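# Geometric and topological summary
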Amino acid sequence: MSKILGLDMVGIDSIYATDSLHREGVILRMDRKQSIADYCPYLIVSDNMKTLDAKTDLYMIDPFQSNDGIKRKAKRGLGIEISISSARKLEAHMIGRWMRQAKSILEVCNSNKCQFILSSGAYSMHEMVSARTIESILKFIGISPTNYWEELSEWLETKNKAKWIRQC
C-alpha cells in the first residue's frame, strides 16, 4: 500500500483524511507530493543523495556513509535524520563508531543550519524506542534534550506553515 501511494510510512485512515480532528498530529512522509497531501501536513523524504533537491524536507542518512556529499548538498532548513534502528543491529564494538558518526552528522547540521533528527526508525510498535533512550543518546552526543525537542517542534511548524502557505 505504501509503495502504491508513494508514502514512506502509512499512518492515516483515508476515511478521515479530510476531517481535521483525525488528522491532528499526523505528518505524512512521502517521496513526492501526493493528492492526500492537500488534507494533511507532509514532508518530502529522500534517502538518496542524487534526488536531494529544494523540494526535499528530510534526508535520511546512514551514519556510516560518507558525509562529504551532504556537506555540499545540505541547504538551510533541511532535516537530516539518523535512525537508532540501524544501531540496534550492530555488534557492541561498532556502537562507539555509530555514536562518533552521529556526532559528525550533528556537526554538519550545525554548520549548515540544518535540523538534526534522531528517530527510532520503527516500522511497528514493537520496534519503538523509549523517549528516555532517545534522550540518553542525545545527551551522549552533546545535545540538550529540552532544546532538541523545542527546535524539532519549531522546525516541523516552519515546514508545516510553508506547505500550507504555498497551497493557499
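Note that the structure is predicted; figures quoted are calculated from it, not measured.

### Here we look at the overall build of the protein
Within the protein, the secondary structure is distributed over seven helices and six strands. Starting at the N terminus, the α and β elements of the protein follow one another as α-β-α-β-β-β-α-β-α-α-β-α-α. A buried classification covers 40% of the 168 residues belonging to the protein.

### Points about the pattern of salt bridges
The tally for this structure, following the rule as stated, stands at one salt bridge. Its salt-bridge partner being D57, residue K159 comes within 3.6 Å of it at the nearest N-O pair. In this pair, K159 sits in helix α7 (residues 145–167) while D57 sits in the loop between β3 (42–46) and β4 (58–60), placing the two residues 102 residues apart along the sequence. A single burial state applies to K159 and to D57, both of which are buried.

### Observations regarding the confidence of the model for the protein
On average, residues of the protein score 78 in pLDDT, and 75% of them reach the 70 mark or higher. For the protein, the element scoring lowest by mean pLDDT is helix α2 (residues 20–23), at 46; strand β6 (residues 115–119) scores highest, at 93.

### Some thoughts on the side chain of S83
Among the structural elements, S83 can be located in strand β5 (residues 79–83). There is a polar contact of 2.6 Å between the side chain of S83 and the side chain of S85. Excluding residues within four positions of it along the chain, S83 makes contact with W98, S119, S120 and G121.

### Quick notes on the pairing of β6
The element β6 is largely enclosed, with a buried count of five among its five residues. Neither face of β6 is exposed, since Q115, I117 and S119 on one face and F116 and L118 on the opposite face are all buried. In this sheet, β6 lies alongside β5 in parallel orientation, the contact comprising five bridges. Residue pairing in the sheet places S83 in a bridge with S119 of β6.

### A look at the pairing of β3
The element β3 is extensively covered by neighbouring structure, given that five of its five residues are classed as buried. On β3, burial covers both faces: Y42, I44 and S46 on one face and L43 and V45 on the other are all buried. Alignment of strand β2 (residues 28–30) against β3, held across three bridges, turns out to be parallel. In the sheet register, R29 faces β3, and the bridge partner there is L43. Pairing geometry for β3 and β4, over two bridges, is parallel. Considered in β4, the bridge of V45 is made with L58.

Analysis parameters
- Residues numbered from 1 in each chain as written.
- Predicted model: local features only at pLDDT ≥ 70, side-chain atom pairs only at ≥ 80, totals over all residues.
- Heavy atoms only, no water.
- Helix = DSSP H or I, 4+ residues; strand = E, 2+ residues; numbered from the N terminus.
- Buried < 20%, exposed > 50% of the residue type's maximum accessible area, 1.4 Å probe, protein only.
- Salt bridge = Lys/Arg side-chain N within 4 Å of Asp/Glu carboxyl O.
- pLDDT = per-residue confidence, 0-100.
- Polar contact = N/O pair within 3.5 Å; in protein donor to acceptor, adjacent residues only side chain to side chain.
- Contact = heavy atoms within 4.5 Å.
- Pairing = 2+ DSSP bridges.

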